[in-house]
Amino acid sequence: MDQLRRLVKPFLLRRMKKDVLKELPPKIEYVRRIPLSQEEQKVYFASSAAARQSLAASNGDSGKMAVLAALTELRQICCAPDLRFENYEGPSSKLDACIELCAGMVENGHQILLFSQFTSMLDRIRGRLDELKISHFTLQGSTPKAK
């Protein structure tokens, strides 16, 4: 283990939080709860019921992965139902709230660092920012290192 550490040490930069804390701006966290519209709630509850029924019918054969997949689908529906259902044409409360928040922050001269587990959600956000002519840059795993 010591030999491995010596070999990789020149390639690793490991800094402790206490060492960089003075360089970081203070963390400001706002929790904003966005209620889903009635249409979104219907989609969510129907999908939730279908997932429960499917998991119950499988008698636990598919295990943890099936539960994780169902939870991921429900999280996508909460972000924007059209992430799961191509033909969904109703409102997207969280996307609307996100864009409203971004527009307000930019209007007040702030920069935003926005994360999403779903790249398809970032695509929707990017499209809406383009419509509002708000400049942005998206960094994904597919982004070339030089860029």
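Look up a bit, the structure's there.
Residues numbered from 1 in each chain as written. Predicted model: local features only at pLDDT ≥ 70, side-chain atom pairs only at ≥ 80, totals over all residues. Heavy atoms only, no water.

Take the pattern of salt bridges next. All chains considered together, the criterion is met by 5 salt bridges. Between E73 and R84 there is a salt bridge whose closest N-O contact spans 3.4 Å. In this pair, E73 is assigned in helix α4 (residues 63-79) and R84 in the loop between α4 and α5 (93-107), connecting sequence segments 11 residues apart. Residue class for R84 comes out partly exposed when judged on its relative accessible area of 32%. For D123, the salt bridge is made with R126, and the minimal N-O distance between the two is 2.9 Å. (Salt bridge = Lys/Arg side-chain N within 4 Å of Asp/Glu carboxyl O. Helix = DSSP H or I, 4+ residues; strand = E, 2+ residues; numbered from the N terminus. Buried < 20%, exposed > 50% of the residue type's maximum accessible area, 1.4 Å probe, protein only.)

Its 15 residues place the ends of α5 21 Å apart at the C-alpha level, agreeing with the 21 Å of an ideal helix rising 1.5 Å per residue. Taken together, the buried positions of α5 are S93, L95, A97, C98, I99 and C102. Among the structural elements, α3 (38-57), α4 and α6 (119-131) are those in contact with the buried residues of α5. (Expected span 1.5 Å × (residues − 1). Contact = heavy atoms within 4.5 Å.)

A full pass over the atoms with the stated rule returns 1 aromatic pair. Consider the rings of Y44 and F45, whose centres lie 5.5 Å apart with planes at 80°: the pair is edge-to-face. You can call Y44 partly exposed: its relative accessible area is 23%. We note R84 situated over the ring of F85; from NZ or CZ to the ring centre the distance is 5.9 Å. (Phe/Tyr/Trp six-rings, centres within 6.5 Å; stacked < 30°, edge-to-face > 60°. Lys NZ or Arg CZ within 6 Å of the ring centre and 35° of its normal.)

So, about the packing of α3 against α4. At a minimum axis distance of 10 Å, the contact between α3 and α4 shows a crossing angle of 175°. As summarised for this structure, α3 and α4 are arranged roughly antiparallel, according to the angle between their axes. Contacts from V43, Y44, S47, S48, A51 and L55 in α3 reach A66, V67, A70, L74, I77 and C78 in α4. Along the lines of polarity and charge, the residues of the contact of α3 with α4 split into 10 nonpolar, 2 polar and no charged. (Axes fitted to C-alpha atoms, helices over the stretch in contact; angles between N-to-C directions. Parallel < 35°, antiparallel > 145°, perpendicular 65-115°, else oblique. Nonpolar A, V, L, I, M, F, W, Y, C, P; charged D, E, K, R; others polar.)

What follows concerns the nonpolar core. C79, A80, L83, L95, C98, I99, C102, F118, M121, I125, L129 and I134 form the largest nonpolar core, which has 12 residues in total. Of all the secondary structure elements, the ones that give two or more residues to this core are α5 and α6. When sequence neighbours within four positions are dropped, the list of residues in contact with F118 reads T72, R75, Q76 and C79. (Core = buried A, V, L, I, M, F, W, Y, C linked by side-chain atoms within 4.5 Å.)

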